[in-house]
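Observations on the model geometry
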Amino acid sequence: MENTEELKKQLEYIDKLTDVVTGLKDRLGRTPKCAVVTFGCQMNARDSEKLCGILIKTGFDTDADETDADLVIYNTCTVRDNANQKVYGHLGTLKARKKRQPGLKIALCGCMMQEHSVIDNISKNYRFVDLVFGTHNIFRFAELLYNMYTSEDQIIDIWDSTDDYVEDLPVKRKYSYKSGVNIMYGCNNYCTYCIVPYVRGRERSRDAKDIIREVEKLADDGVIEVMLLGQNVNSYGNGLTDGISFPALLLEVEKVEGIRRIRFMTSHPKDLSDELIDVMAASKKICRHIHLPLQSGSDRILKAMNRCYTKESYLALCDRIRNAIPDVAITTDIIVGFPGETAQDVDDTIDVIKQVQYDNAFTFIYSKRTGTPAADRVDQVSEEFAKEQFNRVLDAVRISAGTRNGILTGKVVEALVEDISDNDPSMVSGRLDNNSMVHFTGGSDLIGKIVPVKLINAKGFYYIGEMTDSI
Ligand code: SAH
Ligand code: SF4
Ligand code: F3S
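Now for a quick tour of the structure. (Residues numbered from 1 in each chain as written. Chains lettered and ligands numbered in written order. Predicted model: local features only at pLDDT ≥ 70, side-chain atom pairs only at ≥ 80, totals over all residues. Heavy atoms only, no water.)

1. A look at the side chain of Q114
The condition that has to hold: Runs of H or I in DSSP of at least four residues are treated as helices and runs of E of at least two as strands, each being numbered from the N terminus. Burial here depends on accessible area, computed with a 1.4 Å probe over protein chains only, as a share of the maximum for the residue type. Under 20% is buried, over 50% is exposed, and the range in between is partly exposed. Any pair of residues with heavy atoms lying within 4.5 Å of one another is described as a contacting pair.
In this fold, Q114 is placed in the loop between β3 (105-110) and α4 (116-125). The class for Q114 is buried, based on a relative accessible area of 9%. In this structure, Q114 is in contact with G134, T135, H136, I158, W159 and V199, ignoring residues within four places of it in sequence.

And the structure:
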């Protein structure tokens, strides 16, 4: 539920924190610098924009590098153990720096902080961390930061769940022309390998009118592309008393003037409806890209993962999508090395890769997450076997993506210019409707604009192009 009392309280804390930051500025003789370091998915990226909104509003410079900031915030991810280890690695470096620079403040938030074992570890072994909070109370950031600056003690505030969310707090978008929009929080799917439902809580959909109001405000502010965010957008609306379905929500977002592109992430294959395919096929604004995590192509493993679809039903779904939207790009996530997985199971996964011809796939080695059902299984596979199988899957992905890359060569398409190209300052990088990138000659004046580009040739995952006058 949207909580207006809480909003009022947090706006008061923003004022109080502003006074604290002004005092800090006087002492330092310059604007205090903050670095927000984000790990993990789009949800975390969006949360970090909320943190930055409050930091800027209260007087921080948020462009600082981690190595010379006065305040460092890690917004953490715990979906795989390596995400976890990265944070501990960074903390080791910060500990040494804090000895030299006692004024340095360190805050941790995000999914990893929702794990009890992590909190135990930090409260015992990382006493130099000043503030720890979780995913459910991020809307209290101004209050928490105020408390941190006015106290000597380590502050740890973690909630197990929440029914509240607070909208209308300041947000600083990373990109002026595009934005993520949360349409739901949490996840109810309990895939047996996955920790997300435990750290993000149960699934809660936002009211459609709040979402549309946010998209309208973004459009007024110059945003032309929105990405609707949820762990399983296809179950949007479940649990709302007067809720609408995800395709119906898309139709509403499509009506918002100024918005020219709509993306969404992520689609669970079990809930992707024909209605959604029809809405996408008929739409001028919804991008031709579906991220459709497969995880495994083996029915046995899919069942053990609690994914609720089969190889056959997944392939049939991809066929329906491709038939209705011929130019669609399909991408996926794959896990290799799930407990009990054999080479024959991986053959099934490779078979799906060959049949679907993914435009791209993110392949992960299974990571055991404490508290999930799969972690308790006795048939964990060896690291060596998992790596071998992982390489087989990677080869199949490379071949499939290779046949898809370049299919648009010679065409003139629209690209949304995102940035100056990393490798060549005389070029810009633009994103196509199907999520591929194109690099072409152009200047920073093009950033945030949609322009027609002729795709000259394909180089792996991207194109080299040339701006033209019209489509
Ligand atoms: N809600 C999204 C996924 C979010 S997590 C969905 O269901 O599609 C992003 C990806 O991380 C997942 O698709 C999965 O491939 C991977 N992942 C999740 N838990 C993992 C684990 N324990 N080990 C390895 N990869 C994992
Ligand atoms: Fe994790 Fe499954 Fe939920 Fe995705 S749908 S977040 S993989 S539990
Ligand atoms: Fe990671 Fe949390 Fe996203 S665990 S993948 S940041 S929801």
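Having seen the structure, we can now continue with the description.
2. Digging into the site of ligand 3
Under the convention used in this document: To be near a molecule or strand, a residue needs just one of its heavy atoms within 4 Å of it. Only Asp, Glu, Lys and Arg are considered charged, only Ala, Val, Leu, Ile, Met, Phe, Trp, Tyr, Cys and Pro nonpolar, and every remaining residue, Gly among them, polar.
Residues in close proximity to ligand 3 include G40, C41, N44, C77, T78, V79, C111, R200 and Q231, which together make up its full environment. Among the residues forming the shell around ligand 3, the class breakdown is 4 nonpolar, 4 polar and 1 charged.

3. Side note on the pattern of salt bridges
The criterion, for reference: Counted as salt bridges are all cases of a side-chain nitrogen of Lys or Arg within 4 Å of a carboxyl oxygen of Asp or Glu.
Overall, the coordinates contain 35 salt bridges when judged by the stated rule. Notably, a salt bridge pairs R263 with E225, separated by 3.1 Å at the nearest N-O pair. Taken together, the residues R263 in strand β10 (residues 261-265) and E225 in strand β9 (residues 225-229) connect sequence positions 38 residues apart. For the pair shown, R263 and E225 are each scored as buried. Salt bridges linked by common partners bring E6, K9, R140 and E143 together as one network.

4. What about the sheet that holds β10?
What counts, and what does not: A pair of strands is labelled paired if DSSP reports no fewer than 2 bridges between them. Helix axes are fitted only over the stretch in contact, all axes being lines through C-alpha atoms; the angle between N-to-C directions runs from 0 to 180 degrees.
Strands sit in the order β6-β9-β10 across an open sheet of 3 strands; the sheet is parallel. Two strands in the sheet have a free side with no partner beyond their single neighbour: β6 (178-182) and β10. The average undirected angle you get between the axes of adjacent strands in this sheet is 25°.

5. Concerning the site of ligand 2
What surrounds ligand 2 is the set C187, N189, Y190, C191, Y193, C194, V196, P197, Q231, H268 and R307. Classifying every residue of the shell around ligand 2 by side-chain character gives 7 nonpolar, 3 polar and 1 charged.

6. Some points on helix α1 (residues 4-28)
Let me state the cut-off plainly: For a helix, the expected span equals 1.5 Å multiplied by the number of residues minus one.
Between its first and last C-alpha atoms α1 spans 36 Å; for 25 residues at 1.5 Å apiece the expected length is 36 Å, and the two agree. Every buried residue of α1 is listed here: E6, L7, Q10, Y13, I14, L17, V20, V21 and L24. Those residues of α1 hidden inside the fold are in contact with α2 (42-57) and α5 (141-149). Remark: G29 follows α1 within two positions and exhibits a positive phi of approximately 75°.

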